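As a plain string of letters, each chain reads:
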Amino acid sequence: MATGKINVSVDNIFPLIKKFLYSDHEIFLRELISNATDATLKMKHLTTIGEAKVEYGNPIIEIKVDKEGKKLHIIDQGLGMTEEEVKKYINEVAFSGAEEFLNKYEDSAKDSGIIGHFGLGFYSAFMVAHKVEIITKSYKDEPAVQWSCDGSPEFIMEPAEKDTRGTEIILHIADDSTEFLEDGKINSLLSKYNKFMPIPIKFGMKTETLPKPEGAKEEDPAPTKEVDNIINNPNPAWTKQPADLKPEDYKSFYRELYPMQFEEPLFHIHLNVDYPFNLTGILYFPKLSNDLNQQKDRIQLYQNQVFVTDNVEGIVPEFLTMLRGVIDSPDIPLNVSRSYLQADGAVKKISSYITRKVADKMNSLFKNNREEFEAKWNDIKIVIEYGMLSEDKFFDKADKFALYPTVDGSYFTFGELQEKIKDTQTDKDGKTVILYASDKEAQHSYIETAKAKGYEVLLLDSPIIGHLMQKLESSKENISFARVDADHIDKLIQKEETQISKLSDEEKETLKKELEEAITDKSFTVQLEAMDSDASPFTITEPEFMRRMKEMQQTGGGGGMFGMGSMPDMYNLIVNTNHPLVSEFLNTKTAKKKERLINQSLDLAKLSKGLLKGKALTEFIKRSYEMVK
Ligand code: ADP
Ligand code: MG
């Protein structure tokens, strides 16, 4: 038996380890399984290149819980270590690595969040164990050794009885960590961190039903057998070549990733790059709702098939955090803080690669199967629109395939739309006016009026569309968006012939005065217009600019622009001076009757705009019944 001192300058590093990694102490298991995996893969490599003249076989990694003995075992059949190697890799290298790590990150450790993910390796075992043993036998023809350490820098090294190749790590679980002796806890850790690790991981046994032997009777029970319970899929879809995968394989991998998710993904994107950085993965477009925040943190980040985090902020562009799937890269620095990560050159490249891939995939879907793309547009538009808003490079690409649906269910790209309406929908300054509605039901009468004139009306209803319109208006020349109820349609879009008012100037002046007296609500501004006699007598409009500002304030974008207070409601009441009803206002003799006529008409206009509510609506209905009686 040999004893010695671990090569470390601080007296006792273990309290430090515990302190710093406390919040994340469960990662010890991932670290030890990673080491077991590394050792197995190294063995494979050595046999493949002929360096080791031993049989590789079908090695697995086994996790065993000994609840009574308060021990947790991690057993591999990898290359093992000789006594010399234990001294070198465990006593010197690993520990100095740990010390260096702690010195370097002491300050940032607490707020970085990601700390402890990688870097402490083997010594993270001391977060949960008061004593750790290593029993290992190298593939080389050398005796097995046993190393043990109780958390002080002293270790014990002695010969061991082990005749099979590989390493067994035994953790004597500390009293404050007995949760790691529960099968349920270990199971959940394994499925969180090790679900896709490349070497099969066994945890316990399970019963498998075998086919009945020939000639067995109906009532005979099927034979069963006890088999290893392997908890992982060592060959997940993202590690395979896209050419080897069928659409169904992508779907079943999605179910493997999100067993509780019943809806199928809309598209997938297989990421695969090895220069200038290494990255593989599969991203999925799920069906998205309009709630942007609810759907984040679904992309899982792996490093060589080891789960790292499902917070990919900073690595994936913000707008793509709504997607799901897996990204696996050995090139993402993991034991650093997020702000560092965001400034990292490799990470920036990864982010722009992913953005480009997503844009290319959308573009090819649009080109090759426009029908399907249109059918799915509603479910993916929020991501695309968000991307167009936040990343200029994405905007340029997406501008070619982003769709603008009409209220009648046709889909145009921006270019197509512009081509279609540029001669027929222009305002007095010659700008192309893009008419849109945000709600087919609420804006029904306005949509009908616009359609009756032969105009295209888009249906734009995502929560961030106001911001996107703003961006389109500033990046495209000579266009502007106007919601169908922003103004009277004949003022939004210039018509060749102008109508002549049937009323004299004097009559108009009187009319305006009378209307303003009768209408007490000051959020309405009366505007007289000479229009077709069959156009509505009253139309309520809400100026585009004001309404959009108000909406954007609600979604956060235009916030603060007008100070803290919310903006007041402002409407125009467009009065058609050529409508017979309007002449009737003038001709009505009694003031009381006149006022009633005007307010009943105003209520009808409000009703059409969806503004008549509560008490006003109740009174309106009561009054209307009286009238038809
Ligand atoms: P890292 O894995 O980053 O090298 P660790 O602290 O996790 O750091 O491990 C230190 C070293 O100990 C490894 O590089 C390896 O040489 C050795 N080692 C740890 N676990 C095993 C194992 N199960 N089998 C063989 N060698 C191991
Ligand atoms: Mg390690």
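Since we're looking at a predicted model, the values are computed, not measured.

(A) Just the UniProt feature "binding site: ATP" (unreviewed entry) in the chain, in detail. Per the UniProt record, "binding site: ATP" (unreviewed entry) is annotated on Glu31, Asn35, Asp76, Met81, Ser96, Gly97, Thr167 and Arg338. Its place among the elements puts Asn35 in helix α2 (residues 27-48). Positionally, Met81 belongs in the loop between β3 (71-76) and α3 (83-105). We classify Met81 as buried; its relative accessible area is 15%.

(B) Local environment of empty space enclosed by the protein. For the structure shown, the criterion picks out 2 cavities of 30 Å³ or more. The calculated volume of the largest cavity comes to roughly 60 Å³. If you go around the largest cavity, the residues you meet are Trp377, Lys381, Glu385, Leu403, Tyr404, Pro405, Leu459, Leu460, Asp461, Ser462 and Ile465. Breaking the lining of the largest cavity down by element, the ones donating at least two residues are α9 (370-390) and β15 (403-405). Looking at the lining of the largest cavity residue by residue, the class counts come to 7 nonpolar, 1 polar and 3 charged.

(C) Focus on the confidence of the model for the chain. Model confidence for the chain is summarised by a mean pLDDT of 87, while 87% of its residues fall at 70 or above. Below pLDDT 50 for its whole length, residues 557-564 participates in 12 contacts with residues either more than four positions away or in separate chains.

(D) Quick peek at the environment of Asn363. Among the structural elements, Asn363 can be located in helix α8 (residues 345-368). Residue Asn363 is classed as partly exposed on the basis of its relative accessible area, which comes to 22%.

(E) Main features of the pairing of strand β21 (residues 538-541). Every second residue of β21 is oriented toward a common face, with Phe538 and Ile540 on one face and Thr539 and Thr541 on the other, all of them buried. When β21 meets strand β22 (residues 571-576), the two strands line up antiparallel, connected through 4 bridges. By the bridge assignment for β22, Thr541 is matched with Asn572.

(F) Expanded view of the pattern of salt bridges. By the definition in use, this model includes 44 salt bridges. Where Asp490 meets Lys453, a salt bridge forms, and the shortest distance between an N and an O atom there is 3.1 Å. Here Asp490 is found in helix α14 (residues 489-492), whereas its partner Lys453 is found in the loop between α12 (444-452) and β18 (457-459), with 37 residues between them in sequence. One continuous salt-bridge network, built from bridges that share partners, spans Glu473, Arg483, Asp485, Glu542, Glu544, Arg547, Arg548, Lys550, Glu551, Asp569 and Lys609.

(G) Molecular detail of the packing of aromatic side chains. For the structure shown, the criterion picks out 23 aromatic pairs. Ring centres 5.8 Å apart and planes at 70° place the aromatic pair Phe366 and Phe373 in the edge-to-face group. By the burial criterion, Phe366 is buried, and Phe373 matches it. Judged by centre distance (5.6 Å) and plane angle (75°), the rings of Tyr404 and Phe414 are edge-to-face. Residue Tyr404 is found in strand β15, and its partner Phe414 is found in helix α11 (residues 414-421); the two are separated by 10 residues along the sequence. Under the relative-accessibility criterion, Tyr404 is labelled buried at 3%. Here a set of aromatic residues connected by ring pairs shows up, and it is made of Tyr193, Phe196, Trp238, Phe253, Tyr302 and Phe307. A cation over an aromatic ring shows up here: Arg324 above the ring of Tyr258, its NZ or CZ 5.9 Å from the ring centre. Above the face of the Phe395 ring, Lys471 is positioned so that its terminal group lies 5.1 Å from the ring centre.

(H) Representation of the sheet that holds β21 in the model. The strand order across the open sheet formed by 3 strands is β20-β22-β21, and the pairing between neighbours is mixed. At either end of the open sheet lies a strand with only one pairing partner, and these are β20 (524-529) and β21. On average, each strand axis in the sheet is inclined to that of its neighbour by 25°, with strand direction left out of account. The pairing of β20 with β22 spans 6 bridges and is classified as parallel. Each residue of the ladder has a partner; that of Phe524, found in β22, is Tyr571. Against the sheet, helix α15 (residues 505-518) engages β20, β21 and β22, with an angle of about 160° to β20. Those strands touched by helix α18 (residues 591-609) are β20, β21 and β22, and its axis lies near 45° from that of β21.

Criteria and thresholds
- Residues numbered from 1 in each chain as written.
- Chains lettered and ligands numbered in written order.
- Predicted model: local features only at pLDDT ≥ 70, side-chain atom pairs only at ≥ 80, totals over all residues.
- Heavy atoms only, no water.
- UniProt positions renumbered as here; feature names shortened; annotations may be inferred.
- Helix = DSSP H or I, 4+ residues; strand = E, 2+ residues; numbered from the N terminus.
- Buried < 20%, exposed > 50% of the residue type's maximum accessible area, 1.4 Å probe, protein only.
- 1 Å grid on protein atoms, 1.4 Å probe; cavity = no way out; pocket = protein on both sides within 12 Å on 5 of 7 lines; lining within 4 Å.
- Points joined across faces, edges and corners; volume = space filled by probe spheres on them.
- Nonpolar A, V, L, I, M, F, W, Y, C, P; charged D, E, K, R; others polar.
- pLDDT = per-residue confidence, 0-100.
- Contact = heavy atoms within 4.5 Å.
- Pairing = 2+ DSSP bridges.
- Salt bridge = Lys/Arg side-chain N within 4 Å of Asp/Glu carboxyl O.
- Phe/Tyr/Trp six-rings, centres within 6.5 Å; stacked < 30°, edge-to-face > 60°.
- Lys NZ or Arg CZ within 6 Å of the ring centre and 35° of its normal.
- Axes fitted to C-alpha atoms, helices over the stretch in contact; angles between N-to-C directions.

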